[in-house]
Amino acid sequence: MTRLGDLERAVMDVLWDRDPAADPVTVRDVAEALQDRDLAYTTVMTVLDRLAGKGMVSRERAGRAWRYQPAASREAYIAQLMLDALDLAGSRDAALVRFARSVTGTEAEVLRAALTDQAQVAERRG
């Protein structure tokens, strides 16, 4: 999975923070959302084009403009980054144990519930 640079992350945050049911956005929409960064329109256009090339956004033609939306949710992206980080570990098991010991009680409960749900789904399939 591609790690995002600072500007790419800012652009993706604009897309991720929008209502998923909302229409895809134009370069101008993103540039306006990032107006505090004082970016040129062409810079935003280039970043969105690169994100499309990396598979991070999908785009469709709308007249002369492109309209963009995230190819996956922020949560899916973060989950893939976590899996990629596990691939870097000498021992995935050791990395998982270290991670599990570092989470808060509430986060541990969320993980337990997700693992329980996953085990129930696996039982029904198999």
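Use the structure listed above.
J.: Can you lay out the overall build of the protein for me, pointing to particular residues and giving the numbers?
T.: Helix and strand counts for the protein stand at six helices and two strands. Taken over C-alpha atoms, the radius of gyration comes to 19 Å for the protein, far larger than the 14 Å a tight globule of 126 residues would show. Expressed as lengths along the three principal axes of its C-alpha atoms, the size of the protein is roughly 50 × 30 × 25 Å. Across the protein, the fraction of contacts at a sequence separation of at least 24, relative to all contacts at a separation of at least 6, is 52%. Counting only carbon and sulfur atoms, one obtains 50% of the accessible surface of the protein, whose full area is about 8900 Å².

J.: Can you tell me about the side chain of Glu-8, naming the residues and giving the values?
T.: Take Glu-8: it is sitting in helix α1 (residues 6-17). Given a relative accessible area of 12%, Glu-8 falls into the buried group. Separated by 2.8 Å, the side chain of Glu-8 and the backbone nitrogen of Gly-5 make a polar contact. Excluding anything up to four places from it in sequence, Glu-8 contacts Arg-3, Val-47, Leu-51 and Lys-54.

J.: Explain the packing of α1 against helix α4 (residues 74-88) to me, using residue names and the numbers behind them.
T.: It is at 10 Å that the axes of α1 and α4 come closest, and there the two elements cross at 135°. Our classification of the angle between α1 and α4 gives oblique. Every residue of α4 that contacts α1 at Arg-9, Asp-13, Trp-16 and Asp-17 is listed here: Arg-74, Tyr-77 and Ile-78. When grouped by side-chain class, the residues that make up the contact of α1 with α4 number three nonpolar, no polar and four charged.

J.: I'd love a proper account of the pairing of strand β1 (residues 57-62), names of residues and values included.
T.: On any regular strand, side chains alternate: one points to one face of the sheet, the next to the other face. Inspection of the sheet shows β1 paired to strand β2 (residues 65-70) by six bridges, in the antiparallel sense. Bridge pairing links Val-57 to Pro-70 in β2. Between β1 and the antiparallel strand that follows it, β2, lie two residues; Gly-63 among them carries a positive phi value of about 70°.

J.: Give me the lowdown on the nonpolar core, citing residues and values where you can.
T.: The biggest cluster of nonpolar side chains holds 21 residues, and the ones touching the most others in it are Met-12, Val-30, Leu-48 and Leu-51. Apart from the residues within four sequence positions on either side, Val-30 is in contact with Val-11, Val-14, Leu-15, Val-25, Val-44 and Leu-48.

J.: Mind laying out the packing of aromatic side chains, listing which residues take part and the relevant values?
T.: Tallying each qualifying case throughout the model produces one aromatic pair. Between Trp-16 and Tyr-77 the ring centres are 5.6 Å apart and the planes differ by 35°, which places this aromatic pair in the tilted class. Note that Trp-16 is positioned in helix α1 and Tyr-77 in helix α4, a separation of 61 residues in sequence. Directly above the ring of Trp-66 sits Arg-59, whose terminal nitrogen or CZ lies 4.4 Å from the centroid.

What counts, and where the lines are drawn
- Residues numbered from 1 in each chain as written.
- Predicted model: local features only at pLDDT ≥ 70, side-chain atom pairs only at ≥ 80, totals over all residues.
- Heavy atoms only, no water.
- Helix = DSSP H or I, 4+ residues; strand = E, 2+ residues; numbered from the N terminus.
- Rg over C-alpha atoms; globule rule 2.2 N^0.38 Å.
- Contact = heavy atoms within 4.5 Å.
- Areas by Shrake-Rupley, 256 points an atom, 1.4 Å probe, with all protein chains shown as cover.
- Buried < 20%, exposed > 50% of the residue type's maximum accessible area, 1.4 Å probe, protein only.
- Polar contact = N/O pair within 3.5 Å; in protein donor to acceptor, adjacent residues only side chain to side chain.
- Axes fitted to C-alpha atoms, helices over the stretch in contact; angles between N-to-C directions.
- Parallel < 35°, antiparallel > 145°, perpendicular 65-115°, else oblique.
- Nonpolar A, V, L, I, M, F, W, Y, C, P; charged D, E, K, R; others polar.
- Pairing = 2+ DSSP bridges.
- Core = buried A, V, L, I, M, F, W, Y, C linked by side-chain atoms within 4.5 Å.
- Phe/Tyr/Trp six-rings, centres within 6.5 Å; stacked < 30°, edge-to-face > 60°.
- Lys NZ or Arg CZ within 6 Å of the ring centre and 35° of its normal.

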